[in-house]
Amino acid sequence: MCGPAGAAAVKSLVAVFVAAAGVAAVTRHPVTVVVSFDGFRLDYIKANWTPNMARFQKASAAPPYMRSTFPTKTFVNHFTMATGLYSEKHGVLDNYMFDKHYDKMHYTYEQFHYDDSVVPIWIHNEINGNGRYSGVMMWPGSEFPYQDKYPTHIQKYNKSMLWTDRVDIIMSWIKDENKPANLVYAYFEEPDSTAHLKGPDSQETRNQIVRADATLKYILDQIKHEKLENKINLIILSDHGMDTVTYDRMIHLDEYVSNTTYKSIISGPNAFIHPNPNKFDEVYKNLSKVANTSRTFNVFKQNQLPDRWHMKNNTRLIDIIYLLAKPEYAFWDTYFEFILNGTTKEKFKIGVHGYDNEEPQMRTIFMASGPAFKKSYSAMQFDNVDLYPLICRIEGLTEPSRRIDGTMQGVEQLLSVGNAPTFMGPILGILSALLLHTIAPSL
Ligand SMILES: *[C@@H]1O[C@H](CO)[C@@H](O)[C@H](O)[C@H]1NC(C)=O
Ligand SMILES: *[C@@H]1O[C@H](CO)[C@@H](O)[C@H](O)[C@H]1NC(C)=O
Ligand SMILES: *[C@@H]1O[C@H](CO)[C@@H](O)[C@H](O)[C@H]1NC(C)=O
Ligand SMILES: *[C@@H]1O[C@H](CO)[C@@H](O)[C@H](O)[C@H]1NC(C)=O
Ligand SMILES: *[C@@H]1O[C@H](CO)[C@@H](O)[C@H](O)[C@H]1NC(C)=O
Ligand SMILES: *[C@@H]1O[C@H](CO)[C@@H](O)[C@H](O)[C@H]1NC(C)=O
Ligand SMILES: [Zn+2]
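Residues numbered from 1 in each chain as written. Chains lettered and ligands numbered in written order. Predicted model: local features only at pLDDT ≥ 70, side-chain atom pairs only at ≥ 80, totals over all residues.

**Some details on the overall build of the protein chain**
Step number 1: Scanning the protein chain for helices and strands turns up 12 helices and 20 strands.
Step number 2: Excluding contacts between residues fewer than 6 apart, the proportion of contacts in the protein chain whose partners are at least 24 apart in sequence is 75%. (Helix = DSSP H or I, 4+ residues; strand = E, 2+ residues; numbered from the N terminus. Contact = placed C-beta atoms within 7 Å.)

**Topic: the environment of Ser 60**
Step number 1: Relative to the assigned elements, Ser 60 resides in the loop between helix H2 (51-59) and strand E2 (61-62).
Step number 2: Taking the C-beta count within 10 Å as the criterion, Ser 60 has 24 such neighbours and is therefore assigned buried.
Step number 3: A sequence separation of 354 residues divides Ser 60 from Leu 414, and the C-alpha atoms of the two residues are 9.1 Å apart.
Step number 4: Setting aside its immediate chain neighbours within four residues, Ser 60 contacts Met 367, Ala 368, Ser 369 and Phe 373. (Buried ≥ 20, exposed ≤ 12 C-beta atoms within 10 Å, placed from the backbone.)

**Some points on unusual backbone geometry**
Excluding glycine, residues mostly carry a negative phi; peptide bonds, for their part, are mostly trans.
Step number 1: The omega angle of the peptide bond from Phe 70 to Pro 71 is -10°, so this bond is cis rather than trans.
Step number 2: For Pro 71, the position within the fold is in the loop between strand E3 (66-67) and helix H3 (74-83).
Step number 3: For the bond from Glu 190 to Pro 191, the omega torsion is 10°, close enough to zero to count as cis.
Step number 4: Positionally, Pro 191 belongs in the loop between strand E8 (183-188) and helix H7 (192-198).
Step number 5: Positive phi is not limited to glycine here, since Tyr 107 has a value of about 55°.
Step number 6: The backbone of Gln 147 sits at a positive phi, close to 50°, despite the residue not being glycine.
Step number 7: Its location among the elements puts Gln 147 in the loop between strand E6 (134-137) and strand E7 (153-155).

**Considering the nonpolar core**
Step number 1: In terms of nonpolar packing, the biggest core is built from 109 residues, with Val 33, Ile 170, Val 184, Ala 186, Tyr 322 and Leu 323 touching the most fellow members.
Step number 2: Dropping the residues within four chain positions of it, Val 33 is found in contact with Ile 170, Val 184, Ala 186, Ile 232, Leu 234 and Ile 235. (Core = buried A, V, L, I, M, F, W, Y, C linked by C-beta atoms within 7 Å.)

**Regarding the sheet that holds strand E13 (residues 270-275)**
Step number 1: Strands sit in the order E12-E13-E15-E14 across an open sheet of four strands; the sheet is antiparallel. Each end of this open sheet is capped by a strand with a single partner; those strands are strand E12 (262-267) and strand E14 (297-301). For this sheet, the mean inter-axis angle between neighbouring strands, taken without regard to orientation, is 20°.
Step number 2: Bridge analysis of E14 against strand E15 (residues 321-325) gives five bridges, and the strand direction is antiparallel. Along E15, the bridge assignment pairs Phe 300 with Tyr 322.
Step number 3: Where helix H9 (residues 280-294) meets the sheet, it contacts E12, E13, E14 and E15, and its direction lies at approximately 155° from that of E14. (Pairing = 2+ DSSP bridges. Axes fitted to C-alpha atoms, helices over the stretch in contact; angles between N-to-C directions.)

**Focus: the environment of Gly 39**
Step number 1: Among the structural elements, Gly 39 can be located in the loop between strand E1 (31-37) and H2.
Step number 2: A count of 27 C-beta atoms within 10 Å places Gly 39 in the buried class.
Step number 3: When the C-alpha positions of Gly 39 and Ala 195 are compared, they lie 8.3 Å apart, and in sequence the two are 156 residues distant.

**Focus on the environment of Ala 62**
Step number 1: Along the chain, the position of Ala 62 falls in strand E2.
Step number 2: Between the C-alpha atoms of Ala 62 and Ser 378, which are 316 residues apart in sequence, the distance is 5.5 Å.
Step number 3: Among all residues touching Ala 62, those that are not within four sequence positions of it are Gln 57, Phe 366, Met 367, Ser 378 and Ala 379.

**A look at H9**
Step number 1: Counted at 1.5 Å a residue, the expected span for H9 with its 15 residues is 21 Å, and the 21 Å between its end C-alpha atoms agrees.
Step number 2: For H9, every residue scored as buried is listed here: Val 283, Leu 287 and Ala 291. Along the axis of H9, the buried residues cluster in a sector spanning 65°; they form a single face. With respect to the buried face of H9, the exposed residues turned more than 90 degrees away are Asp 281, Lys 285, Asn 292 and Thr 293.
Step number 3: Buried positions along H9 lie against E12, E13, E14 and E15. (Expected span 1.5 Å × (residues − 1). Arc of directions from axis to C-beta.)

**As for H3**
Step number 1: Summarising burial for H3: 10 of the 10 residues are buried, a large majority.
Step number 2: The complete set of buried residues in H3 reads Thr 74, Phe 75, Val 76, Asn 77, His 78, Phe 79, Thr 80, Met 81, Ala 82 and Thr 83.
Step number 3: Next to the buried residues of H3 lie E1, helix H4 (87-90), helix H5 (121-127), E8, H7 and helix H11 (387-395).
Step number 4: Of the residues one or two after H3, Gly 84 is the one with positive phi, at around 70°.

**Quick notes on the pairing of E12**
Step number 1: Counted residue by residue, E12 has five buried out of six residues, so it is predominantly covered.
Step number 2: Sheet topology note: the E12/E13 ladder contains six bridges and is antiparallel. If you follow Ser 267 over to E13, its bridge partner there is Asn 270.
Step number 3: Linking two consecutive strands that pair antiparallel, namely E12 and E13, is a turn of two residues; a positive phi of about 65° is found at Gly 268 within it.

Put into structure tokens, the structure is as follows:
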């Protein structure tokens, strides 16, 4: 799956050459930087709002969209991208979920350790050794150790830290004299957070979209400043899209089923319902009745969850009834009460995600540039579970001991000829890399 990269040896040669030419000393391995802008919806990219992203996308290997994993939530998708596993295997089924005592858990060690054999790629990279070091900037789930290990370079989530400071720190990891990072995963919490409160079409959200665009420019400027354009593979992506919900599309479950008969964790369009002892069938039947008449949401027992969501085979769903709202609908909860407090029912217009991963509004961006990727290449769409094997291939990592769900099939298309596993590949790789280096500085 993560087949040996003959290209890695070639890249080492190029690295030596580049170092001799007086640019920053970096790892002898290819360098890959994965940047996630939370909730950056596909159609946020527009030439007049986000000129840098539009230009970068055009110059990149980029599919029309990347498919998010279900449920289309932040922790689920960042952990899928980090592990190459669907939610049923890595066990993170939402941001907020039940622990084994049916109490709420949110961003705890336990939530990210459903199965101790699951190893994020930043740990797998370092296990591969040979001078490989990972840097993780605020990526959800990175604050916990896995098999007792942390990445060499890590910055825990801190909303207050300037985005440019985050980029500067990432560059310092790549240039670290003793332990230069060959793999970096970086997370930016917008435009998701503002879109939740103000809606995806608001001016406030647009400001955050523009801010993400300016941050991409800053990243590209830093890479150029260090003369690492031909060394760094830069991937820009998001975890899910965003839908607009108005007050009249709120589903008030309390009005239909007595909330003293179950415990629930509700977030946007997703709900875990844990009925009291001996109440499972009654609660299920009443919820189904409401679902049948209102047609605003669907009700699932664990074994009724569609196979294509790759969610149902998980012990965290035992004795749970799962609800999923239809697009543009959501379940009312205290978070929405908080938002309503600052506005009126008429003006209430918010951002929500978590819907079926086949919904167009949940699609994500993906664009990749650098020596490993084809240039200006219109690719076919693929699933974000495939990011893991893609990174393994580029960085020359071994197959992980635990079988992953992602495959190379959907992402092989993105790779430049030097990274394709062909006989001529490595030779063409050397030639094009040397040639590019010679002409690039004058561009
Ligand atoms: C978060 O970042 C800000 C700005 O860089 C800094 O002042 C603050 O001390 C940081 N907080 C923590 C807990 O590290
Ligand atoms: C339960 O439902 C009632 C309305 O039937 C509501 O007033 C109350 O806040 C709800 N309790 C909880 C814990 O959600
Ligand atoms: C389910 O519906 C029946 C009939 O409307 C009602 O009597 C019962 O209280 C409901 N059960 C719950 C848990 O709300
Ligand atoms: C809801 O609709 C489904 C499909 O039509 C049906 O099988 C089920 O019996 C209905 N449930 C209730 C409680 O009416
Ligand atoms: C469900 O998961 C268990 C382990 O978590 C695995 O042994 C089993 O094969 C899986 N079943 C299916 C149908 O995928
Ligand atoms: C609503 O806002 C007011 C004023 O800001 C505040 O005092 C109150 O606690 C808020 N209520 C809720 C339910 O958030
Ligand atoms: Zn998110």
